[in-house]
Amino acid sequence: MNPDQIFIYSDGACSGNPGPGGWGSIVASTKTVQELSGFDPKTTNNRMELMAALKALEVVFVKLKTQEIKSVIVFTDSVYVIRGITQWIFGWKNRGWKTAENQEVSNQDLWIQLDEIVQLIKKSKEDIKIKWSYVRGHTGVLGNERCDTLAVAESKQDYTDLYVGPTKDYFFDITEMPETEEIPDPKKRSNEPKKPAW
C-alpha cells in the first residue's frame, strides 16, 4: 500500500435472504484503520453487500478533504457489486434504471446512492482511481474474513467492538495486498441478473 492509497474491504450477510442482515467494512490507509458495520431487520445479502461498499466510500469522500488520495481499491467477494458498478450500471442508467428485460432494477435505491458517491469522489479529485477487485470469500483473506465477522455479528445483533485507530496497531497487516482473482463467469447467459435480487 502506498501512502496515497486507500484499501476498502466490504462484506454483507443475511439470515433468510430476505431476513435480518448485517454489513461490515474496513477503510484503511498507511496511517489509520476504521471499521464500520450496520444492521437491517429485513433485507437481502445483495443489499448488505451494496451497503457495505457504499458506507465505506462515504468515509473515503470525507477523507478526501484532509488527505491526499490517488487511488482506492475495493476488495469484495460480491460479483453482483463488482459487475453492477463496473458493467451493468451504464445500461441501467441509459434505460432509466431498467434491466435489458425492461424490468425495474433491483435495489435501485442503493445502486443510485453507490453511483452518486462514486461520481462525487471522482469529481472532487479528477485523477483519483477507484478499482474494484474480487477476493473469494472464506479463503483466508484476512480483510474479507474480518468484514464477514462484522456482518454476521450485526445480522445476529451481537455487539462487536469496531476498531478505529493507527494502522500499526490493527489486528493484522492490512497494508498487504491480498490475493485477488478474475471475476467468476456468470452462471446465466445474460450479463444481468434476471430475477429480482430483493
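Heads up: the structure comes first, above all this text.
Residues numbered from 1 in each chain as written. Predicted model: local features only at pLDDT ≥ 70, side-chain atom pairs only at ≥ 80, totals over all residues. Heavy atoms only, no water.

Tell me about the pattern of salt bridges, and name the residues and values.
One pass over the full model with this rule turns up nine salt bridges. The partner of Arg 146 in a salt bridge is Glu 35, with the nearest N and O atoms 2.8 Å apart. Of this pair, Arg 146 sits in helix H4 (residues 142–155) while Glu 35 sits in strand S3 (residues 32–43), and the two are 111 residues apart along the sequence. Each member of the pair, Arg 146 as well as Glu 35, carries the same accessibility label: buried. Glu 58 serves as the salt-bridge partner of Lys 55, at 3.5 Å between the closest nitrogen and oxygen. Taken together, the residues span about one helical turn, with Lys 55 and Glu 58 both in helix H1 (residues 45–63) at a distance of three residues. The class for Glu 58 is partly exposed, based on a relative accessible area of 27%. What you see here is one network of salt bridges that share partners, running through Glu 68, Lys 125 and Asp 127. (Salt bridge = Lys/Arg side-chain N within 4 Å of Asp/Glu carboxyl O. Helix = DSSP H or I, 4+ residues; strand = E, 2+ residues; numbered from the N terminus. Buried < 20%, exposed > 50% of the residue type's maximum accessible area, 1.4 Å probe, protein only.)

Any details on the packing of aromatic side chains? Residues and values, ideally.
If you walk through the whole model with that rule in mind, you get eleven aromatic pairs. Ring plane angle 90° and centroid distance 5.2 Å describe the contact between Phe 7 and Phe 75, whose orientation is recorded as edge-to-face. One end of the pair, Phe 7, is in strand S1 (residues 5–14); the other, Phe 75, is in strand S4 (residues 71–76), and 68 residues separate them in sequence. Exposure class is identical for Phe 7 and Phe 75. Each is buried. Here the aromatic cluster, defined as three or more aromatic residues joined through ring pairs, consists of Tyr 80, Trp 88, Trp 92, Trp 97 and Trp 111. (Phe/Tyr/Trp six-rings, centres within 6.5 Å; stacked < 30°, edge-to-face > 60°.)

Quick rundown of H4? Include the residues and the values.
Taking 1.5 Å of rise per residue, 14 residues should cover 20 Å, and H4 covers 20 Å from first to last C-alpha, within 8% of that figure. Counting buried positions over the 14 residues of H4 gives ten, a clear majority of the element. When we look at burial in H4, the residues that qualify are Gly 143, Asn 144, Arg 146, Cys 147, Asp 148, Leu 150, Ala 151, Ala 153, Glu 154 and Ser 155. In this structure, the buried side of H4 is in contact with S1, strand S2 (19–28) and S3. (Expected span 1.5 Å × (residues − 1). Contact = heavy atoms within 4.5 Å.)

How would you explain the packing of H1 against helix H3 (residues 108–124) if you had to name every residue and give the values?
Running from N to C, H1 and H3 cross one another at 25°; their axes reach a closest spacing of 10 Å. Viewed along their axes, H1 and H3 adopt a mutual orientation that is roughly parallel. Like other packed secondary-structure pairs, H1 and H3 cross with a definite hand, here left-handed. Facing H1, whose interface residues are Arg 47, Leu 50, Met 51, Ala 53, Leu 54, Leu 57, Glu 58, Val 60 and Phe 61, H3 presents Asp 109, Leu 110, Trp 111, Gln 113, Leu 114, Ile 117, Val 118, Leu 120, Ile 121 and Ser 124. (Axes fitted to C-alpha atoms, helices over the stretch in contact; angles between N-to-C directions. Parallel < 35°, antiparallel > 145°, perpendicular 65-115°, else oblique. Left-handed = near helix turned anticlockwise from the far one by under 90°.)

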